[in-house]
Amino acid sequence: MKNIAILGATGSIGLNTLDVIARHPDEYSAFAVSAHSNWKSLNELCKKHMPKYAILVDEEAANNLRKLAPKGVEVLSGENALDDIASHVQTDFVMAAIVGGAGMSSTFSAAMAGKRIMLANKESLVLGGALLMNAANKSGAEIIPVDSEHSAIFQCLQAGKEGLNKIQLTASGGPFLNMPFVSLSKVTPEEACNHPNWKMGQKISVDSATMMNKGLEVIEASFLFNLPATHIEVIVHPQSIVHSCVYYDDGSVLSQMGLPDMRSAISYALSFPGRQLSGVEVLDLTKQPPLEFFPPDMKKYKCLELAYQAIKQGGNAPGTLNAANEVAVDAFLKNKISFLDISKIIEKTLNETPTQNLDTLPSVVENDQLSRQLALSLISKND
Ligand SMILES: NC(=O)c1ccc[n+]([C@@H]2O[C@H](COP(=O)([O-])OP(=O)(O)OC[C@H]3O[C@@H](n4cnc5c(N)ncnc54)[C@H](OP(=O)(O)O)[C@@H]3O)[C@@H](O)[C@H]2O)c1
């Protein structure tokens, strides 16, 4: 029996994880569940899955849950509680599914404690990629990707890395794939969150619409698979059936396919190196529409270009890009800036932040905070 800590349990990845776990009650138990402040949803999850611990970052929300939580569930609060549970002696696997840079600390805590990290929180790698990979190597922690593209590449690479030529991440192109660039200035948060293939949280949905999500994934892939950005391509594939491809020197291309349902990647991260039922329907290729592939329009998807720029710059640039993106996406969701302003804020923040190497976790955190402040000040000037 493996004890699973599901950090970000009330979100889209968290709920899908609990769904897979519940299908295998003899293999896994939900040891801990967490949320930021959504205590009502967390309480429902507690009643259904009876974890040992429920964590709410927000103190007031935690007090509300303490009054209602089922007997036997201990309610913890604060950010440190996430780190404590991620490294808890009884935790076997950590599902890192908190959204944004807020997930970094607990991911590091799990890495230093040698846990299996099922990594959905790509921002951890974007912010502190080299440090996180080193911490995992040192402790023996396993990092199993949950992003569907990285899970696909991870699965293909079980065939080996010898003769690897390049990897190719597929991108759906998001909800505005067929919209002309000029119309993008008018799109609303609701439209941006209406992804054609995947049901996801708001932040990653906007990231998919700008294609910053793919940019963050290029950075994530570079750290996970130890490849330079020149060996990582992005290709638009609107049907989201081919999840990514690995090209070898002999002309062979391996890819992993499946219906767009995150439970496949989550299930694989749990059962690796084995496989198990996930609840995902088996793909019937005869019933699919024609599968299309084409290169991304870098002018329309400026955020993708900025991500390639950041990884080329190296040092603190990916962290700065991520911080500015989080601030800009939040402002867009609150109708403070337009959709096209997102990339402008990120570009200005990147250009105004000197490049420097970040060798410690506190320096990563400091760069994140300074970049957020700069992006916020640029947004207030934008008013
Ligand atoms: N959704 C997908 O299909 C998908 C696919 C690949 C990768 N990912 C990645 O997986 C991560 C989660 O995405 P999601 O779509 O599941 O997000 P989501 O639906 O927005 O859920 C986010 C979760 O994080 C919690 N949270 C938010 N802010 C927090 C904070 N400051 N401290 C602690 N917890 C916090 C939320 O709690 P509350 O409910 O209390 O707000 C919720 O449980 C992201 O990094 C995303 O890029 C997602």
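Residues numbered from 1 in each chain as written. Predicted model: local features only at pLDDT ≥ 70, side-chain atom pairs only at ≥ 80, totals over all residues. Heavy atoms only, no water.

Among the six residues of strand β1 (residues 2-7), five are classified as buried, and the element is accordingly described as predominantly covered. As paired elements, β1 and strand β2 (residues 28-35) share five bridges and run parallel to each other. When the bridges of β2 are listed, Ile4 appears paired with Ala30. Pairing of β1 with strand β5 (residues 93-96), which is carried by four bridges, proceeds in the parallel orientation. Looking at the pairing, Ile6 lines up with Met95 of β5. (Buried < 20%, exposed > 50% of the residue type's maximum accessible area, 1.4 Å probe, protein only. Helix = DSSP H or I, 4+ residues; strand = E, 2+ residues; numbered from the N terminus. Pairing = 2+ DSSP bridges.)

Bringing the UniProt feature "domain: DXP reductoisomerase C-terminal" (unreviewed entry) in the protein into the picture now. According to UniProt, the positions carrying the feature "domain: DXP reductoisomerase C-terminal" (unreviewed entry) are residues 257-373. The span residues 257-373 is 56% helical and 1% strand by assignment, and the distance between its end C-alpha atoms comes to 41 Å. (UniProt positions renumbered as here; feature names shortened; annotations may be inferred.)

The four strands are arranged β9-β8-β10-β11 in an open sheet whose pairing can be described as mixed. Every other strand in the sheet has two partners, leaving β9 (232-236) and β11 (253-257) as the edge strands with one partner each. Mean inter-strand twist for the sheet, computed between neighbouring axes without regard to direction, equals 20°. In the sheet, strand β8 (residues 164-171) pairs with β9 via five bridges, with the strands oriented parallel. By the bridge assignment for β9, Ala171 is matched with Val236. Sheet strands in contact with helix α10 (residues 212-224) are β8 and β9, and its direction is about 150° off that of β8. (Axes fitted to C-alpha atoms, helices over the stretch in contact; angles between N-to-C directions. Contact = heavy atoms within 4.5 Å.)

The volume enclosed by the second largest pocket comes to roughly 460 Å³. Taken together, 26 residues line the second largest pocket, and the ones lying closest to its centre are Gln256, Ser264, Arg275, Ser278 and Val280. Among the secondary structure elements, those contributing two or more residues to the lining of the second largest pocket are α7 (148-156), β11 and α11 (263-271). Top contributing element to the lining of the second largest pocket by residue count: α11, with five residues. (1 Å grid on protein atoms, 1.4 Å probe; cavity = no way out; pocket = protein on both sides within 12 Å on 5 of 7 lines; lining within 4 Å. Points joined across faces, edges and corners; volume = space filled by probe spheres on them.)

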